[in-house]
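Residue-level structural notes
One-letter residues, chain by chain:
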Amino acid sequence: MGLTSTVLAIDAGNSKTDVAVVSGAGEVLATARGGGFRPPTVGVAAALDALAEPVARAFADAGVGSVTHVSACLANADLPVEEERLASALHARAWGASVEVRNDTFAILRAGVAEPRGVAVVCGAGINCVGMRPDGRTARFPALGRISGDWGGGWGLAEEALWHAARAEDGRGEPTALARTLPAYFGLPSMYALIEALHLEHVDHGRRHELTPVLFATAADGDPVARALVTRLAEEVTVLATVALTRLDLLAEETPVLLGGSVLTAGHPQLNDTVRTLLATRAPKADVHVVTASPVLGAALLGLDHLAAEPEAQERARAYWETGPAGPATGAA
């Protein structure tokens, strides 16, 4: 690794993008933030045009025109073929001599471990799981929704809560306080009124995810239906982690299992405690932690891995986000 080697680290999610220019010695030379990265909605070219703005700012602040390696962890890069296409498109931008694209879940995993070894389950708007070993082996899932067997995430939980609440109000389902708490969140008197408001778009479709915290609050108050949904999510998180550990032959070894994403980092006791209890039975060697560090740290560490950076460089980069602007990185689940 040359002394002048540099990494452009990119963590691009659906709602925001963080970029950083990091030296081969692990020094963070510049950071910048931009908007969401949504190639399925706007197309690859337009998505990269939006990404170019924070990259240009970071390059200007760092005093560089390009870097040695681009380490990009991107939302919507769910399949290897999509990673390859995005890597090719990024390479054409000439931001770095080499480019590696991974799904953004890998950034959360790498941010939470001292070496590229472990499993991460991420539950935010959707749900996903990845695992990696230092020898390059990975475990992953398509994470494309119901067509790829997925259940959970903030959107999925909100939809399930609405389904149960609607059936409770009209008599098709068992009673649940969700029939009251969900419409009350939007200042509406009934599920019928909420259904009408959603259907006629008086309440924007994109606001449905706001009902996920309402579900957890209703569960915390003891509602059986809401609690059953939280337990079901804990089961799904556990299954994902256990299958990934099994695929990587790590089930019998002490291995970090990281929990990330807005739902799993929100500190819901029933959810995280149930995950921990289930994993203690099915994967007793799993060392469970919640990752709260900025995922761009993971993209930076993956870039430094590519450069075969010294351990001191990894520690220097980690210290920037753990003790600098991003605060502490991990805590016990």
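Figured I'd write up the structure that's included with this text.

Quick notes on the overall build of the protein
Looking only at helices and strands, the protein features twelve helices and eleven strands. For 333 residues, the compact-globule estimate of 2.2 N^0.38 gives 20 Å, and the protein sits close to it at 21 Å. For the protein, the spread of C-alpha atoms along the three principal axes comes to 70 × 45 × 35 Å. Put simply, the protein shows about 14,600 Å² of open surface, and 54% of that area lies on carbon and sulfur atoms.

Observations concerning the packing of helix H9 (residues 224–247) against helix H10 (residues 269–282)
What describes two packed helices is the angle between their axes and the distance between those same axes. Interhelical geometry of H9 versus H10 gives an angle of 40 degrees and a closest axis separation of 9 Å. Classed by the angle they form, the pair H9 and H10 counts as oblique. Seen along the crossing, H9 lies across H10 with a hand that is right-handed. Together, Arg 227, Val 230, Thr 231, Leu 233, Ala 234, Glu 235, Val 237, Thr 238, Val 239, Ala 241 and Thr 242 of H9 and Gln 270, Leu 271, Thr 274, Val 275, Leu 278, Leu 279 and Arg 282 of H10 make up the contact between the two elements. Of the residues contributing to the contact of H9 with H10, the split by class is ten nonpolar, five polar and three charged.

Topic: the environment of Thr 17
The topology assignment puts Thr 17 in strand E2 (residues 16–23). In sequence terms Thr 17 and Gly 35 are 18 residues apart; their C-alpha atoms lie 5.5 Å from each other. Within polar-contact distance, the side chain of Thr 17 engages the backbone oxygen of Gly 35 at 2.7 Å.

Examining unusual backbone geometry
In this structure, Asn 76 is a non-glycine residue whose phi angle is positive, near 70 degrees. Of note, Ala 94 is a non-glycine position whose phi angle comes to about 60 degrees, a positive value. Mapping Ala 94 onto the fold places it in the loop between helix H3 (80–92) and strand E5 (96–103).

Section: the nonpolar core
In terms of nonpolar packing, the biggest core is built from 54 residues, with Leu 182, Leu 233 and Leu 271 touching the most fellow members. Sort the elements by how many residues they give to this core and H9 lands first, with eleven residues. Setting aside residues no more than four positions away along its own chain, Leu 182 makes contact with Ala 161, Leu 162, Ala 165, Met 191, Leu 194, Leu 211 and Val 214. Ala 20, Ala 293, Leu 301 and Ala 313 belong to the second largest nonpolar core, which has 31 residues in total.

Remarks on the sheet that holds E2
Strand order in this open sheet of five strands is E3-E2-E1-E4-E5, and the pairing throughout is mixed. Since the sheet does not close on itself, it has two edges, and those belong to strand E3 (28–35) and E5, each with one partner. Geometrically, the sheet is characterised by an average inter-axis angle of 15 degrees between neighbouring strands, direction not taken into account. In the packing of H3 onto the sheet, contacts are made with strand E4 (67–74) and E5, and the angle to E5 comes to roughly 150 degrees. Packed on one face of the sheet, helix H11 (residues 295–306) meets strand E1 (6–12), E2, E4 and E5 and runs near 145 degrees to E1.

Structural notes on the pattern of salt bridges
One side chain can pair with another of opposite charge once the charged atoms of both are near each other. Going through the model one piece at a time under the given rule, you end up with 16 salt bridges. For Glu 159, the salt bridge identified is with Arg 208, shortest N-O distance 3.1 Å. In this pair, Glu 159 sits in helix H5 (residues 153–170) while Arg 208 sits in the loop between helix H7 (191–199) and helix H8 (211–220), placing the two residues 49 residues apart along the sequence. Residues Arg 207 and Glu 210 are paired through a salt bridge, measuring 2.9 Å at the closest nitrogen-oxygen approach.

A look at the pairing of E5
Examined bridge by bridge, E4 and E5 share seven bridges and lie parallel to one another. The residue bridging Val 67 from the neighbouring strand is Gly 96, located in E5.

Considering the state of the cysteines
Applying the stated criterion to the full structure yields zero disulfides. Here Cys 73 stays unpaired: no disulfide links it, and the sulfur of Cys 129, its closest cysteine neighbor, is 15 Å away. Classification of Cys 73 by relative accessible area gives buried; the value is 1%. We note that Cys 129 lacks a disulfide partner, and the nearest cysteine sulfur, in Cys 123, lies 12 Å from it.

Some words on the packing of helix H2 (residues 44–62) against H3
Interhelical geometry of H2 versus H3 gives an angle of 55 degrees and a closest axis separation of 11 Å. The angle between the axes of H2 and H3 places the two elements in the oblique class. In this structure, H2 meets H3 at a crossing whose hand is right-handed. Across from Val 44, Leu 48 and Leu 51 in H2, the residues of H3 making contact are Leu 86, Ala 89 and Leu 90. Each residue belonging to the contact of H2 with H3 can be placed in one class, and the counts come to six nonpolar, no polar and no charged.

Calculation criteria
Residues numbered from 1 in each chain as written. Predicted model: local features only at pLDDT ≥ 70, side-chain atom pairs only at ≥ 80, totals over all residues. Heavy atoms only, no water. Helix = DSSP H or I, 4+ residues; strand = E, 2+ residues; numbered from the N terminus. Rg over C-alpha atoms; globule rule 2.2 N^0.38 Å. Areas by Shrake-Rupley, 256 points an atom, 1.4 Å probe, with all protein chains shown as cover. Axes fitted to C-alpha atoms, helices over the stretch in contact; angles between N-to-C directions. Parallel < 35°, antiparallel > 145°, perpendicular 65-115°, else oblique. Left-handed = near helix turned anticlockwise from the far one by under 90°. Contact = heavy atoms within 4.5 Å. Nonpolar A, V, L, I, M, F, W, Y, C, P; charged D, E, K, R; others polar. Polar contact = N/O pair within 3.5 Å; in protein donor to acceptor, adjacent residues only side chain to side chain. Core = buried A, V, L, I, M, F, W, Y, C linked by side-chain atoms within 4.5 Å. Buried < 20%, exposed > 50% of the residue type's maximum accessible area, 1.4 Å probe, protein only. Pairing = 2+ DSSP bridges. Salt bridge = Lys/Arg side-chain N within 4 Å of Asp/Glu carboxyl O. Disulfide = S-S within 2.5 Å.

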